[in-house]
Amino acid sequence: MYIYNAQQCGLTISDLQCLTYEQVMHVMELHDFVNDAVAYADEDKAASDGEAFFFG
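A brief look at the structure comes next. (Residues numbered from 1 in each chain as written. Predicted model: local features only at pLDDT ≥ 70, side-chain atom pairs only at ≥ 80, totals over all residues. Heavy atoms only, no water.)

1. Let's talk about the overall build of the protein chain
- Regarding its fold elements, the protein chain presents four helices and zero strands.
- Each helix and strand of the protein chain, placed in order from N terminus to C terminus, yields the pattern α-α-α-α.
- Projected onto its principal axes, the C-alpha coordinates of the protein chain cover approximately 50 × 15 × 15 Å.
- Expressed as a percentage of the 56 residues in the protein chain, the buried residues total 11%.
- Of the roughly 4800 Å² of accessible surface on the protein chain, 60% is carried by carbon and sulfur atoms. (Helix = DSSP H or I, 4+ residues; strand = E, 2+ residues; numbered from the N terminus. Buried < 20%, exposed > 50% of the residue type's maximum accessible area, 1.4 Å probe, protein only. Areas by Shrake-Rupley, 256 points an atom, 1.4 Å probe, with all protein chains shown as cover.)

Here is the structure:
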């Protein structure tokens, strides 16, 4: 499962050999963060526009 998740983040087996476990986990967290940001970008924009209209 660890290797599969790492590969989903764009890491290779040789990357896993060079990086520490902690570094790999940081890459995975960053990957998840970016995916969430992309997935909810439209909602965030709509919320920001509504907030600007309400307070603007």
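And the narrative resumes.
2. As for a nonpolar patch on the surface
- On the surface, a nonpolar cluster with roughly 390 Å² of combined accessible area is contributed by Y2, I3, I13 and Y21.
- Looking at the secondary structure, you find Y2 in helix α1 (residues 2–8).
- On the basis of relative accessibility, which here comes to 31%, the residue Y2 falls in the partly exposed class. (Patch = residues over 30% accessible without salt bridge, like charges linked within 9 Å, V, L, I, M, F, W, Y side chains within 5 Å. Salt bridge = Lys/Arg side-chain N within 4 Å of Asp/Glu carboxyl O.)

3. Side note on the packing of aromatic side chains
- As enumerated under the stated definition, the model contains two aromatic pairs in all.
- For the pair Y2 and Y21, a centre-to-centre distance of 5.5 Å together with 25 degrees between the ring planes defines the contact as stacked. Separated by 19 residues along the polypeptide, Y2 in helix α1 and Y21 in helix α3 (residues 21–39) bring together distant segments of the chain.
- Y21 gets classed as exposed once you look at its relative accessible area, which sits at 56%. (Phe/Tyr/Trp six-rings, centres within 6.5 Å; stacked < 30°, edge-to-face > 60°.)

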